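# Summary of the model geometry
This is what each chain is made of:
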Amino acid sequence: MSAVKKPAARAAEAAEIDTAAEIDTVALKSGNLMPVLGLGSWMLTSDTATRVAHALSLGYRLVDTSGDYKTQGGIGKAIRATGMRRDALYIVTKVEEDDDGYDATRKNLDELNLEYADLVLIHRPPERGVGEKIWEGLRRARDEGLARDIGVSSYKVGQIEELARITGETPAVNQIEWTPFGHSLDMLNFCRANQIVVQAWSPLTRGKRLADEKLSALAEKYGKSPAQIILRWDLQHGVVPLPKAQRPDHQRENLDIFDFELDARDMAALDNLNQHFSALEKLDYV
Ligand SMILES: NC(=O)c1ccc[n+]([C@@H]2O[C@H](COP(=O)([O-])OP(=O)(O)OC[C@H]3O[C@@H](n4cnc5c(N)ncnc54)[C@H](OP(=O)(O)O)[C@@H]3O)[C@@H](O)[C@H]2O)c1
């Protein structure tokens, strides 16, 4: 099966938000539901269990981690400490581009002390090929119930097309660096057309652009913070942001984005802040 459709054949289903759920969710092409906002955990290495447990108590349901973040143990502890039902939570983890996809998934689950992950991603495209062998490992993990959905991170459109050509399957998710200052609406349209949900990493620019003048003016207009304006812009684009916050006030603030709406003109103004900015070196999927 060749699963790739062109952006023109845009299917918006993947980006439709189900507001009937307790916390809004978006449907993946598998039909599984994913919360529309999550907690990032890169560098959340100090007192991880307490900080993640606090986030869960506030209402976060999605936590993003990876085999190389050193936060999986703490996240597992937080989940057990809260006593929450596993199916009320959504855990995303990642395998490295030189890993065996199946073995690395098992190792991640051991660290998390969980029986399955909701989503397992290839962390970044390998130097050669498009990760087709890792994908086979992730498929096996999914077939055995260790992963409910599988996807990629920081893939370009061409790399997704090539992966789909080789494996006959598109990823459920592409997790990419995505902010008003650095994004690609072409990538978003391609993903929508192929029922691939976009997750935003470093959605707050790692703090580097939160003082931007135009962003601050919008924050004042809506009575919200710059971070909240960015996260709301994500939601309205159908993009799932994963802000990392260890401070309790940041965690709370980043959740408080469901009671206002940016109008079309302000959405366009935020789109127009795009300079392909990256908090790292470069926006790697453009
Ligand atoms: N797939 C990939 O290759 C990849 C790459 C990078 C990141 N990620 C994922 O994406 C997540 C988020 O990215 P990130 O951690 O690089 O950066 P980020 O979320 O853009 O920024 C995190 C920084 O923003 C601060 N912050 C949080 N909420 C704030 C608010 N409301 N107001 C002001 N500052 C606020 C945090 O402070 P405090 O922590 O002090 O509260 C922290 O210093 C990561 O944690 C990780 O899970 C994935």
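Scroll up to find the structure this text is about.
Read on for a plain summary of the structure. (Residues numbered from 1 in each chain as written. Predicted model: local features only at pLDDT ≥ 70, side-chain atom pairs only at ≥ 80, totals over all residues. Heavy atoms only, no water.)

## Let's talk about the pattern of salt bridges
Considering all chains together, one arrives at 16 salt bridges under this definition. The partner of E111 in a salt bridge is K107, and the shortest N-O contact between them spans 3.5 Å. Of this pair, E111 and K107 both sit in helix α3 (residues 101–112), separated by four residues, roughly a single helical turn. Overlapping salt bridges, with partners in common, bring together E136, R139, R142 and E169 in one network. (Salt bridge = Lys/Arg side-chain N within 4 Å of Asp/Glu carboxyl O. Helix = DSSP H or I, 4+ residues; strand = E, 2+ residues; numbered from the N terminus.)

## As for a negative patch on the surface
The grouping of D98, D99, D100 and D103 at the surface amounts to a negative patch. Take D98: it is sitting in the loop between β6 (90–95) and α3. With a relative accessible area of 69%, D98 lands in the exposed category. (Patch = residues over 30% accessible without salt bridge, like charges linked within 9 Å, V, L, I, M, F, W, Y side chains within 5 Å. Areas by Shrake-Rupley, 256 points an atom, 1.4 Å probe, with all protein chains shown as cover. Lys, Arg positive; Asp, Glu negative; His and termini not counted. Charge placed at Lys NZ, Arg CZ, Asp CG, Glu CD. Buried < 20%, exposed > 50% of the residue type's maximum accessible area, 1.4 Å probe, protein only.)

## Let's talk about the packing of helix α2 (residues 72–82) against α3
Two numbers describe how α2 lies on α3: the axes approach to 7 Å, and their chain directions differ by 50°. Comparing the axis directions of α2 and α3 gives the class oblique. Residue-level inspection shows Q72, G73, I75, G76 and R80 of α2 in contact with α3, the latter providing N108, E111 and L112. Considering only residue class, the contact of α2 with α3 consists of two nonpolar, four polar and two charged. (Axes fitted to C-alpha atoms, helices over the stretch in contact; angles between N-to-C directions. Parallel < 35°, antiparallel > 145°, perpendicular 65-115°, else oblique. Contact = heavy atoms within 4.5 Å. Nonpolar A, V, L, I, M, F, W, Y, C, P; charged D, E, K, R; others polar.)

## A few points about the pairing of strand β9 (residues 173–177)
Burial analysis of β9 places five of its five residues in the buried class, which makes it a mostly covered element. Along β9, one buried face is formed by V173, Q175 and E177 and the opposite face, lined by N174 and I176, is buried too. In this region the chain leaves strand β8 (residues 147–153), passes through helix α5 (residues 157–167) and returns to the parallel neighbour β9; the handedness of that crossover is right-handed. In this sheet, strand β10 (residues 197–201) lies alongside β9 in parallel orientation, the contact comprising five bridges. Looking across to β10, one finds that E177 is bridged to W201. Considered for its hand, the β-α-β crossover made up of β9, helix α6 (residues 185–193) and β10 is right-handed. (Right-handed = clockwise from strand over helix to strand, strands pointing away. Pairing = 2+ DSSP bridges.)

## Regarding helix α10 (residues 264–271)
All of the buried residues along α10 are D266, M267, L270 and D271. Buried residues along α10 cover an arc of 150° about the axis, so they all sit on one side. Facing away from the buried side of α10 by over 90 degrees, the exposed positions are A264 and R265. Among the structural elements, α6, α7 (213–222) and α8 (226–236) are those in contact with the buried residues of α10. The backbone nitrogen of R265 has a side-chain oxygen 3.2 Å away, supplied by the residue at the start of α10, namely D263. (Arc of directions from axis to C-beta. Polar contact = N/O pair within 3.5 Å; in protein donor to acceptor, adjacent residues only side chain to side chain.)

## Some thoughts on the packing of aromatic side chains
For the structure shown, the criterion picks out two aromatic pairs. Arranged with centres 5.7 Å apart and planes meeting at 20°, the rings of W178 and W233 form a pair that is stacked. Of the two residues, W178 is situated in the loop between β9 and α6 and W233 in helix α8; the sequence distance between them amounts to 55 residues. Relative accessible area serves as the criterion here: at 0%, W233 is assigned to the buried category. Looking at R86, its charged tip hangs above the ring of Y116, at a distance of 4.0 Å from the centre. (Phe/Tyr/Trp six-rings, centres within 6.5 Å; stacked < 30°, edge-to-face > 60°. Lys NZ or Arg CZ within 6 Å of the ring centre and 35° of its normal.)

## Looking at the site of the ligand
Around the ligand, 26 residues are found, and the nearest of them are D64, S202, R206, K244 and H250. Within the backbone of L204, a nitrogen or oxygen atom sits 2.8 Å from an oxygen atom of the ligand. At a separation of 2.8 Å, a nitrogen atom of the ligand approaches a polar side-chain atom of N254. Isolated, the ligand exposes 920 Å² of accessible area, and the fraction of that covered by the protein chains is 87%. The greatest single-element share of the shell around the ligand, amounting to three residues, is contributed by helix α9 (residues 248–255). Its residues assigned to classes, the shell around the ligand comprises ten nonpolar, ten polar and six charged. (Near = heavy atom within 4 Å.)

## Digging into the packing of helix α1 (residues 48–58) against α9
The description of two helices packed together rests on the angle between their axes and the distance between the axes. The N-to-C vectors of α1 and α9 enclose an angle of 30°; their axes lie 10 Å apart at closest approach. As α1 packs across α9, the resulting crossing turns out to be right-handed. Along its contact with α1, which presents R51, H54, A55 and L58, the element α9 presents P248, Q251, R252 and L255. Considering only residue class, the contact of α1 with α9 consists of four nonpolar, two polar and two charged. (Left-handed = near helix turned anticlockwise from the far one by under 90°.)

## As for the sheet that holds β9
An order of β4-β5-β6-β7-β8-β9-β10-β11 is seen for the eight strands of this open sheet, with the pairing classed as parallel. Here the strands that pair on one side only, and so sit at the sheet edges, are β4 (39–40) and β11 (240–241).

## Describing the side chain of D149
Positionally, D149 belongs in strand β8. Although D149 is buried, it makes no salt bridge; R142 carries the closest opposite charge, 5.7 Å away. A polar side-chain atom of D149 sits 2.9 Å from a polar atom in the side chain of S30. Among all residues touching D149, those that are not within four sequence positions of it are L28, S30, N32, D118, L119, V120 and A172.

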